[in-house]
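Chain by chain, the residues run as shown.
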Amino acid sequence: MKLDIYQVDAFSQHPFGGNPAAVCPLTEWLHDEQLQSIAAENNLSETAFFVPRGDIYELRWLTPEVEVDLCGHATLAAAWVLMHMLADAPEVLRFATRSGELRVTRNGDELAMDFPAKQPQRCEPPSGLLSALGIENAEVFGTDDYIVLVEDEAQVAALTPDFARLRGLPKRGIAVTAKSTRFDFVSRWFGPNVGVNEDPVTGSAHTSLAPFWAERLGKSQLTAEQGGQRKGQLRCELKGDRVIISGKAVLYMQGTIYL
């Protein structure tokens, strides 16, 4: 069996920026074990698989270790492949996912993803969270991830977490964020629980970060940058209980999987 595969750098307009995702178009679903093996072999933070079903695409995302409920950058990568590499893609793509129906729209040279917004609530940090991040004191909020609010973006850039100590905390991952002088906010995201120590750009985390910062800054349209050594840029717009996350993408590599 031969399968097409694409590697796309999402949330970047240049190769080696943003967050790389693998994309595998399928005509029918493979066994779950095969999907997980392909994702592990790719060894990227996410591999996206999709199957067309009429005018909608069934979409799944897998890390090297587990399947996840929502992934922004791999959704952006999958939409880019559909719109730029495959024939007859509509201007608005509809994806059926474990998080419900998601839509991606072409907007000039950007792709805009329509995701459900989540409102973080302040919480007590679990034991060991802040010390594992090397942070003495910070406000902590919770949704799918812990959101750790620090005073300035230099503190975000300087983080060197103890990933072994972060593994096993009761949420998917940890986003550390601060107000920025160049963007509205910056962040870094750590997810050893799902096999990704640091994700360069995490679209799904911005379904919480965008409402979080919209409330604090009093604005519904936000610019953001995420990442440590490797970074990517996003635009977020809050629309009621939805958040529109927009970004660019670029093809890095395409090839064939032999099974």
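Residues numbered from 1 in each chain as written. Predicted model: local features only at pLDDT ≥ 70, side-chain atom pairs only at ≥ 80, totals over all residues. Heavy atoms only, no water.

1. Some details on the pairing of strand β7 (residues 100-107)
Filter applied, for reference: The pairing criterion for strands is at least two bridges between them, as found by DSSP. Only DSSP runs of H or I reaching four residues or more are called helices, and only runs of E reaching two or more are called strands; each is numbered from the N terminus.
For strand β6 (residues 92-97) and β7, the ladder comprises six bridges, and the chain directions are antiparallel. Bridge pairing in β7 links F95 to L102. In sequence, β6 turns back onto β7 through a hairpin of two residues. Relative to strand β8 (residues 110-116), β7 runs antiparallel, the two being bridged by five bridges. Looking at the pairing, N107 lines up with E110 of β8. What sits between β7 and β8 in their antiparallel hairpin is a turn of two residues, with G108 showing a positive phi close to 65°.

2. Some words on the pattern of salt bridges
Opposite charge on two side chains makes pairing possible when the charged atoms of those side chains draw close. To keep things clear, this is the line we draw: Only one rule defines a salt bridge in this text: a Lys or Arg side-chain nitrogen within 4 Å of an Asp or Glu carboxyl oxygen. Burial classes: relative accessible area under 20% of the type maximum marks a residue as buried, over 50% as exposed, and values in between as partly exposed (1.4 Å probe, protein chains only).
Enumeration according to the criterion identifies 21 salt bridges in this entry. When the shortest N-O distance is used, the salt bridge between E91 and R106 registers 3.4 Å. Taken together, the residues E91 in the loop between α2 (72-84) and β6 and R106 in strand β7 connect sequence positions 15 residues apart. Judged by its relative accessible area of 46%, E91 falls in the partly exposed class. The exposure class assigned to R106 is partly exposed, which follows from its relative accessible area of 28%. The salt bridge involving R94 is made with E101; its shortest N-O contact spans 3.1 Å. For R94, a relative accessible area of 23% translates into the label partly exposed. Several salt bridges share partner residues, and in doing so they unite D32, R60, E67, D69 and R98 into one network.

3. What about the packing of aromatic side chains?
Defined as follows: Pairs were defined over the aromatic rings of Phe, Tyr and Trp, the Trp ring being its six-membered one, requiring ring centres within 6.5 Å. Orientation was assigned from the angle between planes: stacked under 30 degrees, edge-to-face over 60, tilted for the rest. Charge over a ring is defined by NZ of Lys or CZ of Arg lying within 6 Å of the ring centre and within 35 degrees of the ring normal.
One pass over the full model with this rule turns up seven aromatic pairs. Taking 5.7 Å as the distance between ring centres and 65° as the angle between the ring planes, the aromatic pair formed by F16 and Y252 counts as edge-to-face. With F16 in the loop between β1 (2-10) and β2 (19-25) and Y252 in strand β18 (residues 249-258), this residue pair connects regions lying 236 residues apart in the sequence. Judged by relative accessible area, Y252 falls into the partly exposed class, the value being 41%. For the ring pair F212 and W213, a centre distance of 5.6 Å and an interplane angle of 85° mean the geometry is edge-to-face. Here W213 falls in the buried class, since its relative accessible area comes to 5%. An aromatic cluster is present here, built from F141, F185, F212 and W213 joined pairwise through their rings. Across from the ring centre of W29, 5.0 Å away, lies the NZ or CZ of R60, which sits over that ring.

4. Examining helix α6 (residues 206-217)
Owing to its 3.6 residues per turn, the α-helix aligns residues three or four sequence positions apart on the same side. By the criterion of burial, α6 is predominantly enclosed, with nine of the twelve residues buried. Every buried residue of α6 is accounted for by H206, T207, S208, L209, A210, P211, F212, W213 and A214. Positive backbone phi, at 70°, marks G218, one or two positions downstream of α6.

5. Re the state of the cysteines
Rules: In this description, a disulfide is simply a cysteine sulfur pair whose atoms lie within 2.5 Å.
According to the stated counting rule, one finds zero disulfides in the structure shown. The closest cysteine sulfur to the non-disulfide-bonded C24 is located on C71, 14 Å from its own sulfur. Note on C24: relative accessible area 0%, which makes it buried.

6. Topic: the UniProt feature "active site" (unreviewed entry) in the chain
Selection rule: UniProt positions are given in the numbering used here, feature names are shortened, and annotations may be inferred rather than shown by experiment. When checking whether two residues touch, look at their non-hydrogen atoms; a contact exists if any pair is within 4.5 Å.
Within this numbering scheme, the UniProt entry marks E46 as carrying the feature "active site" (unreviewed entry). Mapped onto the elements of the fold, E46 is located in the loop between α1 (32-42) and β3 (47-53). Setting aside its immediate chain neighbours within four residues, E46 contacts A21, A22, W61, L62, T63, V68, C71, H73 and A74.

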